[in-house]
Amino acid sequence: MLRNILFRGRSPEPTVPAPISPAPPVSRPAARPPRRARTRHAVAASALALVVAGLGLTVPAAGAAGAAPADVERTKVAPAALSPAAEAAPAAVPRLGTSGNKIVDAAGTPVQLRGVSVLAPRHNAECPECHPRPISDVIDMTVSDGWQSDVVRLPVTVWGSLSVEDNVAQYVDPYVQQAVELGIYIIVDLHYVSDYGSTGVPQSTVAEFWDYVAPLYADVPNVIYEVFNEPVAPASWATWKAYIQPVVDDIRAVAPETLLLMGGPQWSTYVNQAAADPIAGNDIAYVYHLYPNQGDATAANLDAKFGNAAQQIPVILTEFGWNPPGEFSDPTVTQGTTSGWGIPLRQYLDARPHISWTAWIFDNYWKPQMFDHDWNLLGGEHQGAMIKAWLADQPYASPCASHAAVGATAVASSSSSATSGAAKAVDGDCTNAGRWLSAAGDTAPTLTITLDAPTVVDQVDVYSGFIGGGSVNVLRDFTVEVHTSAGWQQAAAFDDNTLGLVSVPGPPAAVDQVRLVITDPSNYTPDVARVFEVAVRAG
């Protein structure tokens, strides 16, 4: 089931994508040093002892998201000094800050952070059949076996009965220590998904967490603070700024140089408002969260959402992800394909290296995950293999771009226009601009594809709908038929389909034609067939 992601509204069918322009180069963080032995230096343990024992501070338990206790006076926490052992520990990474619209290192060189989010450790046993692994092992995976994450985002959930001190000691500090050992950055992400203020999380609850955590890692350059994951409502930047500015001021009083990541209302989508009225303070980057329900990954769409703002202020996508419809995606927010959404997003961000990112989520349960329940990497139209290749700067071909029917002869019963004819269904393009659309009024559209030669077919993948449109635009009732030397035969029939990608096994005999026979084109107006691609996978 979907965790963390909430419905953010449906975008209209988009316009033709705009070209992507190149951008000046930005450095990646320096290569990691060799892995040190797993011995913990006492960064947080000593600070915790100083704060609790030396100052005699008692911190009340954190409240539940959306149901936190009312505002109360709180004790200010002075910065905690690190132990001599911690101070002597070598800094594996340079401290990060901001300059203009870029994240920069200590020398002022622009840096693009790229990595993944892991599961909030407190939720690691929610799916027993998923063979959960210790979060420390998962973090090790993000920098091994070809994965090359510069940064790991660690969600910290605070609801429940644990005090802030206990929460940090159990679910934050071990992984901060691990990040230092690995020589990577770690984002401590206060992972509320909630309204804020009078109708949600009180300001005092957020401040309580950062009053404790901010001084704890102030001198650790590996650590980045994401102040509030996804505030939802009120949907007002001015209201949000008034709520969060005092928290930022308090953090800056005890952690004057730590890079801060700032979300905003409506599930952290308000970077345009942030560009017009930034939070006061130094070294702040602004967070955007992006999923396929927000529309196509075209330059025009992404510029309007965060790309234009990123020309003025530092922007980082701390969440984005996709998987095709099915068990590894939810029905409204994350449905997308590597061909139609992931690869265009990669092209967009690669051309804009001043925008950093962490993909959601390096897990085998929370959606959209990168692994199946047995920790096998999900590839093809799922995001896992492409994210891995992307982190390693390796190419990743669209699964739509290369199959046995690309460029084959396609004939349809109708087409809505000259630019959406039958050939679009076998053009290797799974974007919205690469679809065959039947004509309005054609209540039983058909599409016949003739292969160049008889081919043993492993499976036929049918991509339909439009990216960002949910399940209403996909083909509803249809059959997939194949033609062999024995004639036409039905390979599969679908009734009340809601999936944008369906796969049909091929027959044992060689196939020379494939046909879609559609009896209910969609659940949408206009009621036409929308087919990105009929991908014939050779056996």
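Participant: Report on helix α11 (residues 338-350), specifying residues and quantitative values.
Facilitator: In this model, α11 (13 residues) spans only 15 Å end to end at C-alpha, well below the 18 Å of a helix rising 1.5 Å per residue. What α11 keeps buried is the set Thr338, Ser339, Gly340, Trp341, Gly342, Ile343, Pro344, Leu345, Arg346, Tyr348 and Leu349.

Participant: Explain the sheet that holds strand β16 (residues 457-464) to me, and be specific about the residues and the numbers.
Facilitator: Read from one edge to the other, the open sheet built from four strands follows the order β14-β21-β16-β19, with strand pairing classed as antiparallel. A strand with exactly one partner marks an edge of an open sheet, and here the two such strands are β14 (436-437) and β19 (501-505). Pairing of β16 with β19 involves five bridges; the strand directions are antiparallel. Opposite Val460, over in β19, you have Val504 as the bridge partner.

Participant: I'd love a proper account of the state of the cysteines, names of residues and values included.
Facilitator: Counted by the stated rule, this structure contains two disulfides. Residue Cys127 pairs covalently with Cys130 via a disulfide, S to S 1.9 Å. An S-S torsion of about 60° defines the bridge between Cys127 and Cys130 as right-handed. Residue class for Cys130 comes out buried when judged on its relative accessible area of 1%. Disulfide pairing is shown between Cys400 and Cys430; the S-S distance is 1.9 Å. Between Cys400 and Cys430 the disulfide shows an S-S torsion of about -50°. By sign, it is left-handed. Here Cys430 lies in the loop between β13 (409-412) and β14 and Cys400 lies in the loop between α12 (384-391) and β13, a separation of 30 residues in the sequence. Here Cys400 and Cys430 have matching classes, each one buried.

Participant: Quick one: what's the story with the packing of aromatic side chains, residue by residue and with numbers?
Facilitator: By the definition in use, this model includes 21 aromatic pairs. Look at Tyr288 and Phe306: their rings are 5.2 Å apart centre to centre, the planes differ by 40°, and that puts the pair in the tilted class. Highlighted residues: Tyr288 in strand β10 (residues 284-290) and Phe306 in helix α10 (residues 299-307), separated in sequence by 18 residues. We note that Tyr288, like Phe306, is buried. Here a set of aromatic residues connected by ring pairs shows up, and it is made of Tyr192, Tyr196, Phe228, Trp240 and Tyr243. The residue whose ring lies beneath Arg352 is Tyr348, and the NZ or CZ to ring-centre distance is 3.7 Å. Geometry around Trp488 places Arg515 over its ring, the cationic atom sitting 3.9 Å from the centre.

Participant: An account of the sheet that holds strand β4 (residues 151-156) is requested, with residue identities and associated values reported.
Facilitator: Strand order around the closed barrel formed by eight strands is β3-β4-β5-β7-β9-β10-β11-β12, with parallel pairing between neighbours. This sheet shows a mean twist of 25° between the axes of neighbouring strands, independent of strand direction. For strand β11 (residues 315-320) and strand β12 (residues 356-359), the ladder comprises two bridges, and the chain directions are parallel. Looking at the pairing, Ile316 lines up with Ser356 of β12. Helix α5 (residues 173-182) contacts β4, β5 (185-190) and β7 (223-226) of the sheet and is inclined by roughly 160° relative to β5. Packed onto the sheet, α10 meets β10 and β11 and runs at close to 140° relative to β10.

Thresholds, definitions, all that
- Residues numbered from 1 in each chain as written.
- Predicted model: local features only at pLDDT ≥ 70, side-chain atom pairs only at ≥ 80, totals over all residues.
- Heavy atoms only, no water.
- Helix = DSSP H or I, 4+ residues; strand = E, 2+ residues; numbered from the N terminus.
- Expected span 1.5 Å × (residues − 1).
- Buried < 20%, exposed > 50% of the residue type's maximum accessible area, 1.4 Å probe, protein only.
- Pairing = 2+ DSSP bridges.
- Disulfide = S-S within 2.5 Å.
- Phe/Tyr/Trp six-rings, centres within 6.5 Å; stacked < 30°, edge-to-face > 60°.
- Lys NZ or Arg CZ within 6 Å of the ring centre and 35° of its normal.
- Axes fitted to C-alpha atoms, helices over the stretch in contact; angles between N-to-C directions.
- Contact = heavy atoms within 4.5 Å.

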